Amino acid sequence: MTSIEGGQVRPAPFPLNRKISRPANHHQMDIAQKLSILADAAKYDASCASSGTSKRNSREGGLGSTTGAGICHSYTPDGRCVSLLKILLTNYCIYDCQYCINRVSSDVRRARFTAEEVVKLTMDFYRRNYIEGLFLSSGIIRNADYTMEQVVRVARMLREEQGFKGYLHLKTIPEASPELIAQAGRWADRISINVELPTPADLERLAPEKNLGRIRGAMTTIQRRIDQAKAEVKETTKAPPFAPAGQSTQMIIGATAAQDREILDQSSSLYRHHKLRRVYYSAFSPIPDASQRLPLMAPPLVREHRLYQADWLMRFYGFQAQELTTPEAPQLSLEMDPKMAWAMRHPQSFPVDVNTASREMLWRIPGLGVRNVDRILQIRRWHRVTLADLQRLRVSLKKVLPFVQTADHHPREIGSAQWQQTLKPAQQLELFAPAIGVVTGEL
Amino acid sequence: MHLLTLEPSFAAWHRVARRALQAEWAWDTVLWEDASDSQPALGLLDETPARVAQAAVSAPTYNVPKAFMEMARTVACHHSAHRWSLLYRVLWRITHGEHHLLKVRVDPDVHELYTMEKSVQRDVHKMRAFVRFREVVHEGQVLYVAWFEPQHHILELNAPFFIDRFAGMQWSILTPERCLHWDGVKATYTPGVSRHEAPTGDAMESLWLQYYAHIFNPARVKTHAMLAEMPMKYWRNLPEAAIIPTLLQQASPRVETMMARSHALQSRLQQAHPADVPDTDDLEVLRDAAATCKACPLYRNATQTVFGEGSVSAEIVFIGEQPGDQEDLAGRPFVGPAGKLLDKALAEAGIDRKSCYVTNAVKHFKWKRQGKRRLHQTPVQAEIHACKPWWKAELVIIKPRILVCLGATAAKTVLEHPVKIGDIRGEFMETTWCAKTLVTVHPSSLLRQPDPETREREMARFVADLAQVAKALL
């Protein structure tokens with residue numbers, strides 16, 4: 001604390017360089033040390049979303065609010081947003097999942113927070129407007145139920161003792177008892193269970209303690225609870241909520257030979273069967289291969305990005321998983337985005353006349369996002385859409401020109417060599433700036 | 001020409017614009033002007049209220065889309081002086097034959113309006129994100145004070161958000177234009193202050209920086225993505241922005257460490273392929289094939305593969321962890337000290353060793369040299385997994401009535417999840433491999449007991465577990 005008058009206190013010089021000798025046991029570690037270890041351990045979970053939950057405020061007491069829209073309170077130099085305090089309760093783990101930094105056989109430094117410490121840290125950060133809430137996960141200690149109890153205890157303390165109204169995301173353990181998962185859903189806005197790897201065989205090989213059937217079973221249980229809670233809320237507003245921001249999952253890509261076609265099938269099935277809000281993809285090895293032409297955009301990262309784009313196309317652009325790759329080429333193209341790749345495979349579907357085409361067909365035009373499609377549909381009721389209109393909507397003309405017909409434009413013969421040529425520059429630009437789409441989701 | 005001077009607020013513009021519209025003053029006959037700070041809140045200056053009201057007596061009423069009014073409320077906060085005339089021009093056009101105007105987003109006026117709205121909304125959003133409260137104690141009260149520099153006049157527009165969120169705290173948001181104070185009950189506004197009146201630090205900030213530094217992944221540096229959402233103009237009021245240069249500087253050494261770790265991990269993953277097992281119902285064929293197994297790297301340092309041993313018609317299969325020093329040399333399982341202990345316990349429990357088949361979860365000896373001794377090392381998951389097809393094949397051929405897992409390694413691989421022996425020992429369970437599976441300790445754990453007393457007690461428990469097996473056979 002500082003006083004207004006004497007307010008000269010600057011943050012201490014940042015101790016990144018300081019080597020901290022390993023303490024005899026974790027209880028002697030200070031909060032800062034624990035925080036560094038347990039934030040380090042948590043950054044492999046990609047999700048930081050804080051949106052889509054029920055609206056709450058603290059006018060009647062407690063602390064915090066949710067508006068339904070998420071807020072990113074900061075951005076780290078990796079371009080990712082910091083919305084939640086994302087930490088592990090502990091990185092001790094009895095499991096030995098081969099891709100995971102916290103596996104029992106890893107020599108990573110270990111730490112464990114007490115529930116009280118996590119509660120205090122969350123409240124202190126929240127009061128200063130650093131965060132929207134907490135994303136709590138944990139290594140498995142003793143057994144699944146014991147671990148889940150600890151995680152649920154933090155959530156309960158925050159909600160009941162502190163009256164915390166901010167966002168809570170709890171990672172749950174599929175092996176934990178249904179009663180504990182039910183309690184987690186009662187306190188949390190979002191619940192997630194990671195499927196970890198795209199296929200049952202991958203899981204069998206690299207995470208032998210995990211089992212896809214059990215994971216999907218737990219997801220089904222959670223979904224039933226969510227649906228039930230929604231139905232009850234419709235009848236009486238007093239009904240207790242259950243994970244109002246739904247459930248999500250994450251899979252690691254690049255650790256096994258699974259191909260994009262299998263991965264997208266798996267995602268599509270997860271969306272269909274468990275109504276997941278999001279499937280997150282995490283590139284297993286972010287380390288660029290020395291031989292790569294583009295050092296910071298090594299295949300795993302570009303691939304991860306392409307999977308996110310494909311995922312977006314499935315959820316918002318009416319694409320089926322099977323359309324995004326072909327049996328002959330089961331990997332997504334690294335050179336161009338999946339919508340462009342689809343368009344190149346289907347020259348017969350173009351040009352699309354923006355003045356007459358259906359919404360579904362407009363969605364398929366490379367360079368046209370969902371929101372601009374909505375706007376075009378509105379505008380064309382009043383006048384014929386021209387290139388100048390597209391420009392004013394900030395559509396990249398370079399990208400759409402080969403595919404669209406407007407009142408004043410008709411592209412050269414689709415599929416011809418000349419037409420192919422016009423596509424080149426757009427593709428290469430795309431390769432250098434693949435980060436943008438992840439943020440906006442516009443393709 | 002009509003000159004309309006107004007206090008810069010949506011309410012004032014709304015009032016004046018309605019009257020002007022009722023007076024049928026076309027957009028190009030009206031000039032709008034913000035009242036300067038020295039002449040606050042006078043409403044109409046040039047046109048007296050009386051005159052405008054008079055003009056409005058027999059005026060028509062207009063139906064304005066709700067969407068426009070909402071948009072106007074936001075655009076009114078824009079810093080541009082030009083906003084009032086633009087709003088009025090669009091209002092005029094909407095009420096004079098272009099009711100659908102807002103839907104034509106590409107119309108130059110509408111386009112500009114949307115651009116301004118977006119700019120204000122972004123500012124509102126960034127304020128919610130980047131305000132940083134600092135805790136101060138003032139006259140015994142804990143207060144939270146923030147300094148923020150908005151691009152537009154959004155303090156009032158954003159007040160409900162901050163009140164909803166921090167209703168139970170006492171706080172102030174200071175800006176150069178105005179200050180907002182919340183005392184826990186009501187909001188008050190005071191004139192703007194300068195930046196150095198705001199507190200400059202908070203003890204919690206070093207933890208926040210610690211978090212920021214460690215949630216950053218140095219292997220994925222993408223500064224342009226960060227700058228797109230957190231432009232440098234905000235940096236001077238964000239404590240964490242101070243360490244961004246350091247983080248970037250240290251990124252590549254940190255990546256090198258990660259890279260080394262990742263290479264090690266990758267080579268281990270490549271080694272984790274399960275053994276290729278011949279499709280056979282002959283135990284001897286299986287044994288021969290296992291002799292040359294290279295599914296994991298353990299074969300390199302072991303003398304030989306130590307396969308299972310016993311009758312193909314055995315009723316009980318014991319599965320241990322891995323061969324020890326003596327087993328490795330002899331090429332037979334359970335012949336060392338632990339094996340002798342197992343024999344003794346079997347005899348005490350009344351089980352004929354001849355009716356048993358003994359084998360291990362991992363079939364090569366894993367060890368580390370210490371002086372002259374070869375010290376046992378626990379196999380890792382990848383090795384256990386690589387070896388799994390062998391014991392599976394053994395069980396498929398033998399089809400025992402009872403399967404006994406000796407120790408955690410065997411139990412873990414058979415039950416397919418980590419276990420605490422203490423929780424489940426001595427109870428029969430049904431598993432994929434055998435309808436009657438029982439878990440107990442590994443006899444080597446008895447050898448590790450420090451004093452004879454506990455060793456005896458543990459031995460008795462081990463024998464008791466085996467007695468369950470003997471009973472189940474009857």
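Source: prediction; values computed, not measured. For every chain, the first residue of the written sequence is number 1, and numbering continues from 1 along that sequence. Written order determines the labels here, with chains lettered from A and ligands numbered from 1. Reporting of local features is limited, given that this is a predicted model, to residues whose pLDDT is at least 70; pairs of side-chain atoms are given and counted only at 80 or more, and all residues count toward the totals for whole chains, interfaces and linings. Hydrogens and water molecules were not included; the side-chain quantities draw on all heavy atoms of the structure.

Colleague: Is there a simple way to explain the overall build of chain A in this structure?
Modeller: Where helices and strands are cited, they refer to DSSP runs of H or I of at least four residues and of E of at least two residues respectively, numbered from the N terminus. Helix and strand content of chain A: 16 helices and ten strands. Per-residue burial for chain A yields a buried fraction of 59% across its 443 residues. In chain A, the proportion of contacts linking residues at least 24 apart, taken out of those at least 6 apart, comes to 67%. Only the protein chains shown count as cover for residues, and the accessible areas themselves come from Shrake-Rupley with a 1.4 Å probe. Just so you have it, chain A exposes about 18,400 Å², and 52% of that area is on carbon and sulfur atoms. For every residue, the accessible area obtained with a 1.4 Å probe (protein chains only) is divided by the maximum for its type, and the residue is called buried under 20%, exposed over 50%, and partly exposed between those limits. Whether two residues are in contact is decided by their heavy atoms: any pair within 4.5 Å suffices.

Colleague: Teacher, can you tell me more about empty space enclosed by the protein here?
Modeller: Gaps left between atoms show up when a probe the size of a water molecule is rolled over them. Here a cavity denotes a set of grid points, spaced 1 Å apart and computed over the protein atoms alone, in which a 1.4 Å probe fits but from which it cannot get out, and a pocket denotes an open set meeting protein on both sides within 12 Å along at least five of seven lines; residues with an atom within 4 Å of a point are reported as lining. Grid points are joined across faces, edges and corners, and a volume is the space filled by probe spheres set on the points. Inspection of the entire model under this criterion finds five cavities of 30 Å³ or more. Space inside the largest cavity adds up to approximately 90 Å³. Forming the boundary of the largest cavity are 13 residues, of which Cys293, Cys296, His364, Cys387 and Trp390 of chain B lie nearest the centre. Each residue gets one of three labels, nonpolar for Ala, Val, Leu, Ile, Met, Phe, Trp, Tyr, Cys and Pro, charged for Asp, Glu, Lys and Arg, and polar for the others, Gly among them. Of the residues that constitute the lining of the largest cavity, the class distribution is ten nonpolar, two polar and one charged. Each pocket or cavity is described by its volume, and for the second largest cavity that value is around 70 Å³. Lining the second largest cavity we find Pro208 and Glu209 of chain A together with Gln381, Ile384, His385, Lys388, Lys412, Thr413, Glu416 and His417 of chain B. Where the lining of the second largest cavity is concerned, the elements lending two or more residues are helix 13 (381-398) and helix 14 (408-415) of chain B. Among the elements that line the lining of the second largest cavity, the one with the most residues is helix 13 of chain B, at four residues.

Colleague: Would you explain the interface of chain A and chain B in this entry?
Modeller: How big an interface is tends to be expressed through the accessible area that disappears when the partners come together. Each partner contributes to the interface: chain A provides 94 residues, whereas chain B provides 88 residues. Two parts placed together each lose some accessible area; with a 1.4 Å probe, that loss summed over both constitutes the buried area. A buried area of about 8,700 Å², summed over both sides, lies between chain A and chain B, and 61% of it is on carbon and sulfur atoms. For this document, the term salt bridge refers to a Lys or Arg side-chain nitrogen within 4 Å of an Asp or Glu carboxyl oxygen. The tally of links between chain A and chain B comes to four salt bridges. A salt bridge links arginine 128 of chain A to aspartate 202 of chain B, with the nearest nitrogen and oxygen atoms 2.7 Å apart. Within 3.5 Å is the distance limit for a polar contact, defined as a pair of N or O atoms, with the added protein rule that one can donate a hydrogen and the other accept it, and that residues adjacent in sequence qualify only through two side-chain atoms. Taken together, the links from chain A to chain B amount to 27 residue pairs in polar contact (both at pLDDT 80 or more).

Colleague: Sorry, what's going on with a nonpolar patch on the surface here?
Modeller: Residues and elements named next belong to chain B. Patches were defined on residues exceeding 30% relative accessible area and lacking a salt bridge, with like-charge contacts within 9 Å and nonpolar side-chain contacts (Val, Leu, Ile, Met, Phe, Trp, Tyr) within 5 Å. The grouping of Met1, Leu3 and Leu31 at the surface amounts to a nonpolar patch, some 310 Å² of accessible area in total. Positionally, leucine 3 belongs in strand 1 (residues 2-6). On the basis of relative accessibility, which here comes to 30%, the residue leucine 3 falls in the partly exposed class.

Colleague: Before we go on, may I ask you to explain the packing of helix 12 (residues 337-349) of chain B against helix 17 (residues 452-473) of chain B in this structure?
Modeller: Two measures define how a pair of helices packs: the angle their axes make with one another and the distance between the axes. All names here are of chain B. Where helix 12 contacts helix 17, the two axes come as close as 8 Å, and the packing angle between them is 55°. Here helix 17 runs oblique to helix 12, going by the angle between their axes. Note on packing geometry: the crossing formed by helix 12 with helix 17 is right-handed. Here Leu341, Leu342, Lys344, Ala345, Leu346, Glu348 and Ala349 of helix 12 come into contact with helix 17, specifically with Met459, Phe462, Val463, Leu466, Ala467 and Ala470. Fitted lines through C-alpha atoms give the axes, limited to the stretch in contact for helices. The angle between two N-to-C directions lies from 0 to 180 degrees. An angle below 35 degrees is treated as roughly parallel, one above 145 as roughly antiparallel, one from 65 to 115 as roughly perpendicular, and anything else as oblique. In this scheme the crossing of two helices becomes right-handed for a clockwise turn of the near helix relative to the far one and left-handed for an anticlockwise turn of less than a right angle.

Colleague: Even after reading the chapter, I still don't get the sheet that holds strand 9 (residues 316-320) of chain B, so can you show me in this structure?
Modeller: All names here are of chain B. One open sheet accounts for six strands, arranged 8-10-9-13-15-14; its pairing is mixed. The open sheet terminates on both sides in strands that have one partner only, identified here as strand 8 (309-310) and strand 14 (428-429). In this structure, strand 8 lies alongside strand 10 (residues 356-360), joined through two bridges in antiparallel fashion. From the neighbouring strand, glutamate 309 faces strand 10, where its bridge partner is valine 358. Against the sheet, helix 13 touches strand 9, strand 10 and strand 13 (402-406), its axis set at about 165° to strand 10. Being paired, for any two strands, means DSSP has found at least two bridges between them.

Colleague: Can you walk me through the confidence of the model for chain A in this structure?
Modeller: Close reading of the predicted structure is inappropriate where its pLDDT is low. The predictor attaches a confidence to each residue, called pLDDT, with possible values from 0 through 100. Per-residue pLDDT for chain A averages 83, and the proportion of residues at 70 or more is 85%. When the criterion is pLDDT under 50, residues 1-27 of chain A qualifies, and its contacts beyond four places in sequence or with other chains add up to 42 contacts.

Colleague: Hey, could you run me through the environment of serine 74 of chain A in this one?
Modeller: Topologically, serine 74 of chain A is positioned in strand 1 (residues 74-75). Here serine 74 of chain A falls in the buried class, since its relative accessible area comes to 0%. Apart from the residues within four sequence positions on either side, serine 74 of chain A is in contact with Arg80, Cys81 and Val82 of chain A together with Phe130, Arg132, Trp208, Tyr212, Met230 and Glu240 of chain B. Here glutamate 240 of chain B takes part through its side chain, which lies 2.7 Å from a polar atom of the side chain of serine 74 of chain A.

Colleague: Sorry if this is basic, but what is going on with the pattern of salt bridges here?
Modeller: Any two side chains of opposite charge can pair, so long as their charged atoms come close to each other. Applying the stated criterion across every chain, the model contains 46 salt bridges over all chains. Between lysine 34 of chain A and glutamate 117 of chain A there is a salt bridge, with its nearest N and O atoms 2.9 Å apart. Of this pair, lysine 34 of chain A sits in helix 1 (residues 31-40) while glutamate 117 of chain A sits in helix 2 (residues 115-127), placing them 83 residues apart in sequence. With its nearest N and O atoms 2.8 Å apart, the salt bridge here joins aspartate 465 of chain B to arginine 425 of chain B. Here arginine 425 of chain B lies in the loop between helix 15 (421-424) and strand 14 and aspartate 465 of chain B lies in helix 17, a separation of 40 residues in the sequence. As far as the burial class goes, aspartate 465 of chain B and arginine 425 of chain B line up, both buried. Members of the salt-bridge network, linked through shared partners, are Arg89, Arg93, Glu98, Asp107 and Asp109 of chain B.

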